[in-house]
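Next come the chains, spelled out residue by residue.
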Amino acid sequence: MNLKDKVIIVTGGANGIGAALCRRFAQEQPRGLVIADREIDKAQAVATELNALAVETNVADEADIVQLVKAANDAYGPIDLFVSNAGIGGAPGGIEVPNAAWQQIWEINTMAHVYAARAVVPQMLERGSGYLVNTASAAGLLSQIGAAGYAVTKHAAVAFAEWLSITYGERGIKVSCLCPQGVSTRMLESSESGGIAEFLRDTAVTPEYVADCVVQAIAEEKFLILPHAVVTDYMQRKATDYDRWLRGMRKLQAQVNA
């Protein structure tokens, strides 16, 4: 897809990857750019910079997503690209994490993608064209040490993006799934020191680099977006010998515990 003269929505667009995506998309001269975020003051600052529209949005609330799409349609017309980018790290831990924390990360990291698709796929099918980009994580392809909720919801996000591509790919709707490792954002910087966070910081890329990768992938209509090329190697090792990969992950867990 060529982004010139297209109408684009980005959720989680006030900070980090989302803000970098908005700035990078603006370089492609879209017809309309909509920046959605709960932090409306920061979203408005980015929107003012880019001559875009800011809409206060809680992606865990389907009604907010519906209203976001309506606001974009009213301002610019049919949506060409919806980037479902907002996400959270959630509470660290595993089976002991309270149900409320599991529900929160599930709604934001997984159901927000479902809500976005429900809101825009019908109009895209009617036109016979459209593009969805869902931000997941390398944790959705591999796993996440010390954070079961993050690992599970990002796996689900990847699975849903796959399903969308399989179901609608022959009907004009393209899908990409963004799966980075560490990115130098507020989420990573605020993580506790030590353990897996230190590894992610050491190999982190910039949000601007991720945004460049996304624009290139959209131009090529490529499903999997991997800003960290090494993730491909990890996936191949996992697929070739699952038990060996699990043993390696258990060693990494032991190192983090130590």
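Note that the coordinates shown come from a computational prediction; the quantities given were computed from them, not determined experimentally.

Draft legend 1. Geometry of the overall build of the protein chain. On a plain count of helices and strands, the protein chain comes out with ten helices and seven strands. Here the C-alpha atoms of the protein chain give a radius of gyration of 18 Å, agreeing with the 18 Å that 2.2 N^0.38 yields for 258 residues. Summarising its shape, the C-alpha atoms of the protein chain cover approximately 55 × 40 × 35 Å along the three principal directions. The contacts of the protein chain with a sequence gap of at least 6 include a subset with a gap of at least 24, amounting to 66%. Total accessible area on the protein chain stands at roughly 12300 Å², and carbon and sulfur atoms take up 51% of it. Of the charged side chains in the protein chain, 22 are positive and 28 negative, and the gap between their average positions amounts to 5 Å.

Draft legend 2. Representation of the packing of aromatic side chains within the structure. Per the stated rule, a full pass over the model turns up three aromatic pairs. The interplanar angle of 80° and the centroid separation of 5.8 Å between the aromatic rings of Tyr242 and Trp245 together place this pair among those described as edge-to-face. In this pair, Tyr242 and Trp245 both sit in helix 10 (residues 242–257), three residues apart, roughly one turn of the helix. Residue Tyr242 is classed as partly exposed on the basis of its relative accessible area of 47%. Among the aromatic side chains, those forming a connected cluster through ring pairs are Phe160, Trp163 and Tyr168. Just above the ring of Trp245 sits the side chain of Lys238; from NZ or CZ to the centre is 4.6 Å.

Draft legend 3. Up close: the side chain of Thr57. Along the chain, Thr57 turns up in the loop between strand 3 (53–56) and helix 3 (62–76). Of the polar contacts made by the side chain of Thr57, one reaches the backbone oxygen of Val55; its length is 3.1 Å. Sequence-distant contacts of Thr57, that is, excluding residues within four places in its chain, are made with Ala36, Asp37, Arg38, Asp64, Ile65 and Leu68.

Draft legend 4. Representation of the sheet that holds strand 4 (residues 81–84). Strands sit in the order 3-2-1-4-5-6-7 across an open sheet of seven strands; the sheet is parallel. The open sheet has two free edges, formed respectively by strand 3 and strand 7 (224–225), since each of these has just one partner strand. The pairing of strand 1 (residues 7–11) with strand 4 spans three bridges and is parallel. Bridge pairing in strand 4 places Ile8 opposite Leu81.

The rules behind each value
Residues numbered from 1 in each chain as written. Predicted model: local features only at pLDDT ≥ 70, side-chain atom pairs only at ≥ 80, totals over all residues. Heavy atoms only, no water. Helix = DSSP H or I, 4+ residues; strand = E, 2+ residues; numbered from the N terminus. Rg over C-alpha atoms; globule rule 2.2 N^0.38 Å. Contact = heavy atoms within 4.5 Å. Areas by Shrake-Rupley, 256 points an atom, 1.4 Å probe, with all protein chains shown as cover. Lys, Arg positive; Asp, Glu negative; His and termini not counted. Charge placed at Lys NZ, Arg CZ, Asp CG, Glu CD. Phe/Tyr/Trp six-rings, centres within 6.5 Å; stacked < 30°, edge-to-face > 60°. Buried < 20%, exposed > 50% of the residue type's maximum accessible area, 1.4 Å probe, protein only. Lys NZ or Arg CZ within 6 Å of the ring centre and 35° of its normal. Polar contact = N/O pair within 3.5 Å; in protein donor to acceptor, adjacent residues only side chain to side chain. Pairing = 2+ DSSP bridges.

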